[in-house]
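# Structural description and commentary
The primary structure of each chain is shown beneath.
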Amino acid sequence: MKRIFKAAAVAVLGLTLSGAAQAQSALNEILDTGVLKIGTTGDWNPMTLRDPATNSYKGFDIDIMNELAKDLGVEIEFVPTDWKTLVNGVVAGKYHMTGSASISPPRMKVAGFSESYISVELYPFTTKEKAGNFDGYDSINQPGVKVATTLGTTFEKRVREWFPNADIKVVEAPARGFQEVLAGRADVFITSNIEGSTLEQKFPVTRVPGTGPRSPSPIAMLLPQADQVWINYVNNWVKVKKAQGFFETTKANWGL
């Protein structure tokens, strides 16, 4: 199977060649150097988690990226980044692609996306101790309610839209909104159903009563916008892996 994917990569490149010289695709660079560079934040449980002691990564995203590198027949290098510079890293060529990221119009203006392979919904969370203070979204959007969020994330934009009357506290990565709530410095944070279910298992947090899911969002990999050769390869790889059941199996392994 690895030989098939690598042959397909070479074929894709061959189809793009003409008499005129063309800009080199990231796919060409990856195959030439034997290294696939992935930008990842390492702070989105259970998608991507960095172990600072070993500087190693694990998670749903990491399994996907390792599979892609295996099929390309190359090594993988995880490049640390954060949410506020995630897109910039792709645009500047610091890495060939990112792990999972929400597809959004602002990001689409400057970067490309792969086909989606998973979706998320957003919920507000608070501590179990404070849950009785809230009932619905309007109860959060009040003066004196402190809502924590991390700079540069999709969550920050949603917090500002949903809770303009609240006291919004923005922290910079590696700090996270949920940590502010656990520390008692804020009352509410929002996150995806994916991370939220994991946090509920580990910490005394719960969904705010009376709130349903908002902002369903497809998740995909960020790619260089103008590099259609690389985008085509990744999109077709996603299609093949979906057909083989790889994504469903990987989701089940991580409880998604």
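Residues numbered from 1 in each chain as written. Predicted model: local features only at pLDDT ≥ 70, side-chain atom pairs only at ≥ 80, totals over all residues. Heavy atoms only, no water.

Per an unreviewed UniProt entry, the protein carries the name Transporter substrate-binding domain-containing protein and comes from Aliisedimentitalea scapharcae. In its Sequence similarities (unreviewed entry) section, the UniProt record describing the protein reads: "Belongs to the bacterial solute-binding protein 3 family." (UniProt positions renumbered as here; feature names shortened; annotations may be inferred.)

The next thing to look at is the sheet that holds strand E3 (residues 48-51). The three strands are arranged E2-E3-E4 in an open sheet whose pairing can be described as antiparallel. The sheet terminates laterally at strand E2 (43-44) and strand E4 (56-58), the two strands that pair on one side only. Direction of pairing for E2 relative to E3: antiparallel, over a ladder of two bridges. Residue tryptophan 44 lies in a different strand from E3, and its bridge partner there is threonine 48. (Pairing = 2+ DSSP bridges. Helix = DSSP H or I, 4+ residues; strand = E, 2+ residues; numbered from the N terminus.)

Next up on the list: helix H10 (residues 246-253). For H10, the complete set of buried residues consists of Phe246, Phe247, Thr250 and Lys251. Down the axis of H10, the smallest arc covering the buried residues is 130 degrees, so these residues share one side. Projecting away from the buried face of H10 at angles above 90 degrees are the exposed residues Glu248 and Ala252. Those residues of H10 that are buried lie in contact with helix H3 (60-72), strand E9 (118-127) and helix H9 (228-244). The first or second residue beyond H10 is glycine 255, which carries a positive phi of 70 degrees. (Buried < 20%, exposed > 50% of the residue type's maximum accessible area, 1.4 Å probe, protein only. Arc of directions from axis to C-beta. Contact = heavy atoms within 4.5 Å.)

Now for the sheet that holds strand E5 (residues 75-80). Within the open sheet, the three strands sit side by side as E5-E1-E6. Their pairing is parallel. Unpaired on one side and paired on the other, E5 and strand E6 (97-98) mark the two borders of the sheet. In terms of strand pairing, strand E1 (residues 35-40) meets E6 through two bridges, oriented parallel. Among the inter-strand pairings, glycine 39 is bridged to a residue of E6, identified as threonine 98. Packing of H3 onto the sheet brings it into contact with E1, E5 and E6, and relative to E5 it is tilted by some 145 degrees. (Axes fitted to C-alpha atoms, helices over the stretch in contact; angles between N-to-C directions.)

The nonpolar side chains of a soluble globular protein tend to be buried, and buried together. The biggest cluster of nonpolar side chains holds 46 residues, and the ones touching the most others in it are Leu36, Ile64, Leu72, Met97, Met221, Trp230 and Trp237. Grouped together as the second largest cluster of nonpolar side chains are 14 residues, Ile140, Val147, Phe163 and Ile190 included. (Core = buried A, V, L, I, M, F, W, Y, C linked by side-chain atoms within 4.5 Å.)

Now for the packing of aromatic side chains. Inspection of every chain in the model, using the stated rule, returns 14 aromatic pairs. When the centroid spacing of 6.3 Å and the interplanar angle of 15 degrees are considered together, the rings of tyrosine 137 and phenylalanine 163 count as stacked. One end of the pair, tyrosine 137, is in the loop between E9 and strand E10 (146-150); the other, phenylalanine 163, is in the loop between helix H6 (154-162) and strand E11 (167-171), with 26 residues separating them in the sequence. A relative accessible area of 11% places tyrosine 137 in the buried class. Pairing tryptophan 237 with phenylalanine 246 gives two aromatic rings, centres 6.3 Å apart and planes at 65 degrees, and the pair type is edge-to-face. An aromatic cluster is built from Phe60, Tyr117, Trp237, Phe246 and Phe247, whose rings are joined through pairwise contacts. Arginine 207 extends its terminal NZ or CZ atom over the ring of tyrosine 123, reaching a point 3.7 Å from the ring centre. Its end group placed over the ring of tyrosine 137, arginine 214 keeps NZ or CZ at 3.6 Å from the ring centre. (Phe/Tyr/Trp six-rings, centres within 6.5 Å; stacked < 30°, edge-to-face > 60°. Lys NZ or Arg CZ within 6 Å of the ring centre and 35° of its normal.)

Now for the UniProt feature "domain: Solute-binding protein family 3/N-terminal" (unreviewed entry) in the protein. Taken from the UniProt record, the annotation "domain: Solute-binding protein family 3/N-terminal" (unreviewed entry) applies to residues 35-256. As annotated, residues 35-256 comprises 33% helix and 31% strand, and the C-alpha atoms at either end are separated by 29 Å.

The next subject is the pairing of E1. Bridge count between E1 and E5: six bridges; the pairing is parallel. Looking at E5, one finds that lysine 37 is bridged to glutamate 77.

We now examine the side chain of arginine 176. Mapped onto the elements, arginine 176 comes out in the loop between E11 and helix H7 (177-182). Within polar-contact distance, the side chain of arginine 176 engages the backbone oxygen of aspartate 43 at 2.3 Å. Those residues in contact with arginine 176 that lie beyond four places of it in its chain are Asp43, Trp44, Thr150, Phe155, Val171 and Glu195. (Polar contact = N/O pair within 3.5 Å; in protein donor to acceptor, adjacent residues only side chain to side chain.)

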